Amino acid sequence: MICDLHAHSYYSDGELAPTDLVALAEQRGVEVLALTDHDSVDGIPEAQAAARDSRVRLIVGTEISAMWFNHDIHIVGLNIDPEHPILIDGLKRHQAMREQRAQKMGELFIKQGIPGAYEAARDYAQQGLIARPHFARFLVEQGHVKDMGTAFRKFLRRGKPCYVPTQWCSVTDVVDWIKQAGGIAVLAHPARYKLTKTQLQHLLRDFVGAGGQGIEVAASSHTAQDVLTMARYSKEYELLASQGSDYHGPSSHAQLGLMPQLPNDCQPIWRAFL
Ligand code: AMP
Ligand code: MN
Ligand code: MN
Ligand code: MN
């Protein structure tokens, strides 16, 4: 079964409307698709409406930022009730933090001699929330950097001149919102964090302790070795194995529905909700 449990629309930092994402999923033969916008469920009603007239089965999701010590961690919530008040309240807090962060970033760009960054990011984000790729896109289009990666390396990453730290809610709180909303909390792309092996194991213990139940084993950013490592952790920590492309749109390297294969001995997470 072609199952993609991690994808973005323009309600966060993706490029496509939820309707177009669902249409693309159908075209690519994706049978199960989760829409997982950063800190938002605003694209869900549109995605549900589009999925109703298609062969795609839509899983209601979100990808929530969380703090773990000094690290930004992403937690995907799958099969959530998008109207649950505790979840909505938490997402609203994160959306307010994003708006404040974006304004501060705009001020830092002015100090770097680059005016208009906040306004441009706001414009790109349209009705959605602002994420760092919106700033990156502005920097590329204005010719300040040659590509998005350089924008992150020169300006947007932690320690770079326009980085603004954000006090996201804790892993414990975020997992709790997802569980309260009836969903399954999944640790997103665990190989992408700059964590040592010991730190990742510590994070996994805390995540499981908080009620986390899944881990992205087959993420499109994972190497073959990462997949094997995360498959091993999924067994060791009794976590269900998830998979996803983390598709953001036509100009990102990921392709919808495309990710490494889940090893045969993993417990696929979709059995929990299909
Ligand atoms: P934010 O949630 O606003 O902090 O933005 C994080 C998002 O930026 C991630 O979800 C990725 O989509 C994107 N991102 C992170 N690092 C890079 C990079 N080096 N190049 C392009 N996009 C990136
Ligand atoms: Mn993103
Ligand atoms: Mn992520
Ligand atoms: Mn993502």
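The model shown is predicted, which means the values in this text are computed figures rather than measured ones.

Peer 1: Any chance you could break down the nonpolar core for me, citing the residues and the numbers?
Peer 2: By size, the foremost hydrophobic cluster in this structure holds 72 residues, and its most contacted members are L5, L33, I75, L78 and V217. When residues of this core are assigned to their parent elements, the largest contribution, seven residues, is made by strand β3 (residues 57-68). Sequence-distant contacts of L5, that is, excluding residues within four places in its chain, are made with V32, A34, T36, I59, V76, L78, S242, Q243, G244, I269, W270 and F273. Grouped together as the second largest cluster of nonpolar side chains are 21 residues, M105, A120, A125 and L139 included.

Peer 1: Just give me the short version of the layout of surface pockets, but keep the residues and values in it.
Peer 2: Counted as a void, the largest pocket has a volume near 1,800 Å³. Around the largest pocket sit 45 residues that line it, and D13, R132, P133, F152 and R192 are the ones nearest its centre. The biggest single contributor to the lining of the largest pocket is helix α5 (residues 132-141), with five residues. Across the lining of the largest pocket, the residue classes tally to 12 nonpolar, 17 polar and 16 charged.

Peer 1: Which residues make up the pairing of β3, and what values go with them?
Peer 2: Counting buried residues in β3 gives 11 out of 12 residues, a clear majority hidden from the surface. Across four bridges, the pairing between strand β2 (residues 32-35) and β3 is parallel. By the bridge assignment for β3, L35 is matched with V60. Bridge analysis of β3 against strand β4 (residues 71-78) gives eight bridges, and the strand direction is antiparallel. Bridge pairing in β4 places G61 opposite L78. Linking β3 to β4, which pair antiparallel, is a turn of two residues; within it F69 sits at a positive phi near 50°.

Peer 1: A description of the coordination of the manganese ion (ligand 3) should follow, citing residues and the corresponding values.
Peer 2: Only E63 (OE), H74 (ND1) and H189 (NE2) from the protein reach the manganese ion (ligand 3) as donors, at distances of 2.1 to 2.2 Å. For the manganese ion (ligand 3), the donor residues sit on a single chain with the sequence spacing E-x10-H-x114-H. Taken as an interatomic distance, the gap from the manganese ion (ligand 3) to the manganese ion (ligand 2) is 5.5 Å. Residue E63 is found in strand β3, and its partner H74 is found in strand β4; the two are separated by 11 residues along the sequence. The pair formed by E63 and H74 is uniform in burial state, with each residue classed as buried.

Peer 1: Let's hear about the environment of A125: which residues, and what values?
Peer 2: You can see A125 is positioned in helix α4 (residues 117-125). On the accessibility criterion, A125 (0% relative accessible area) is buried. With 110 residues separating them in the primary sequence, A125 and E15 have C-alpha atoms 9.3 Å apart.

How each quantity is defined
Residues numbered from 1 in each chain as written. Chains lettered and ligands numbered in written order. Predicted model: local features only at pLDDT ≥ 70, side-chain atom pairs only at ≥ 80, totals over all residues. Heavy atoms only, no water. Core = buried A, V, L, I, M, F, W, Y, C linked by side-chain atoms within 4.5 Å. Buried < 20%, exposed > 50% of the residue type's maximum accessible area, 1.4 Å probe, protein only. Helix = DSSP H or I, 4+ residues; strand = E, 2+ residues; numbered from the N terminus. Contact = heavy atoms within 4.5 Å. 1 Å grid on protein atoms, 1.4 Å probe; cavity = no way out; pocket = protein on both sides within 12 Å on 5 of 7 lines; lining within 4 Å. Points joined across faces, edges and corners; volume = space filled by probe spheres on them. Nonpolar A, V, L, I, M, F, W, Y, C, P; charged D, E, K, R; others polar. Pairing = 2+ DSSP bridges. Donors = N, O, S within 2.8 Å, 3.2 Å for Na, K, Ca; no water.

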